[in-house]
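One-letter residues, chain by chain:
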Amino acid sequence: DTAVSQTPKYLVTQMGNDKSIKCEQNLGHDTMYWYKQDSKKFLKIMFSYNNKELIINETVPNRFSPKSPDKAHLNLHINSLELGDSAVYFCASSQRGDAEAFFGQGTRLTVV
Amino acid sequence: AQSVTQPDIHITVSEGASLELRCNYSYGATPYLFWYVQSPGQGLQLLLKYFSGDTLVQGIKGFEAEFKRSQSSFNLRKPSVHWSDAAEYFCAESMEYGNKLVFGAGTILRVKS
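Bear in mind the structure is a predicted one, so any value in this text is a computation, not a measurement.

Here is what the cut-offs are and how they apply
Residues numbered from 1 in each chain as written. Chains lettered and ligands numbered in written order. Predicted model: local features only at pLDDT ≥ 70, side-chain atom pairs only at ≥ 80, totals over all residues. Heavy atoms only, no water. Contact = heavy atoms within 4.5 Å. Buried area = accessible area lost by both parts, 1.4 Å probe. Salt bridge = Lys/Arg side-chain N within 4 Å of Asp/Glu carboxyl O. Polar contact = N/O pair within 3.5 Å; in protein donor to acceptor, adjacent residues only side chain to side chain. Buried < 20%, exposed > 50% of the residue type's maximum accessible area, 1.4 Å probe, protein only. Helix = DSSP H or I, 4+ residues; strand = E, 2+ residues; numbered from the N terminus. Pairing = 2+ DSSP bridges. Disulfide = S-S within 2.5 Å.

In this assembly, 20 residues from chain B lie in contact with 22 residues from chain A. When chain B packs against chain A, the two sides together hide about 1800 Å² of surface, and 51% of this comes from carbon and sulfur. Counting across the interface, chain B meets chain A through three salt bridges. Close ionic contact of glutamate 100 of chain A with lysine 49 of chain B constitutes a salt bridge, the shortest N to O distance being 2.9 Å. Scanning the region where chain B abuts chain A turns up seven residue pairs in polar contact (both at pLDDT 80 or more).

For the rest of this paragraph, the subject is the pairing of strand β1 (residues 4-7) of chain A. Residue and element names in this part refer to chain A. Covered by surrounding structure in β1 are Val4 and Gln6 only, the residues Ser5 and Thr7 on the alternate face being uncovered. In terms of strand pairing, β1 meets strand β3 (residues 19-25) through four bridges, oriented antiparallel. Bridge pairing in β3 links threonine 7 to lysine 22.

Moving on: the state of the cysteines. Within this structure, the stated rule accounts for two disulfides over all chains. Note on cysteine connectivity: cysteine 23 of chain A is disulfide-linked to cysteine 91 of chain A, with sulfurs 1.9 Å apart. Linking cysteine 23 of chain A and cysteine 91 of chain A, the disulfide has an S-S dihedral of approximately -80° and is accordingly described as left-handed. Taken together, the residues span a long stretch of sequence, with cysteine 23 of chain A in strand β3 and cysteine 91 of chain A in strand β9 (residues 87-94) at a distance of 68 residues. What makes cysteine 23 of chain A buried here is its relative accessible area of 1%. Bridging cysteine 23 of chain B to cysteine 91 of chain B, the disulfide has an S-S length of 1.9 Å. Here cysteine 23 of chain B and cysteine 91 of chain B share a disulfide; its torsion about the S-S bond, -65°, makes the bridge left-handed. Of the two residues, cysteine 23 of chain B sits in the loop between β3 (19-21) and β4 (24-25) while cysteine 91 of chain B sits in strand β10 (residues 87-94), which places them 68 residues apart along the sequence. Given a relative accessible area of 0%, cysteine 91 of chain B falls into the buried group.

Okay, here's the thing in structure tokens:
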């Protein structure tokens, strides 16, 4: 039973398109995150939601908009995709103050 | 600002040899420290974590790490490396357990047979 699942696993799209990545966790955690891993494998936090409330927004362009319909889901919508958005995006969840973060398998986004 | 440094970008060891991957953290108070492993095309798997108590922590797959406050280090070790350990290893810290992680740049481990 997958703890943190992301869909799709691979996404290839053209510049200028809008796309979404979905994330779901079944761990009962109250906090979810999006991390970006760039082409040099550097991992950086993008957003964090706690109980559906945005608590971290790390200077990410406005084209990126996270949405958390409930505690178990955190989706990432990206408008007007650019070549530089090509990366692997990881979703993660944790129970704030109580547990380590669990990561999804990642979504490899390629913008052509 | 928080930062995590992994000084070695690549490390190559022979199968059966011992391994040490270095990690230095910046957070002044007691940090929460983690080591993750990422195999090619895979997600991140937690190897071990430290947040208090015994400074030598044991993890999965035979890995251990030692927290040294005086050196701001949390180095990962394994006494005998297996070919399946070839992967990229990330050290990370958090100011609060269950809060966002700040990652190092990663160390790629290659294992020679």
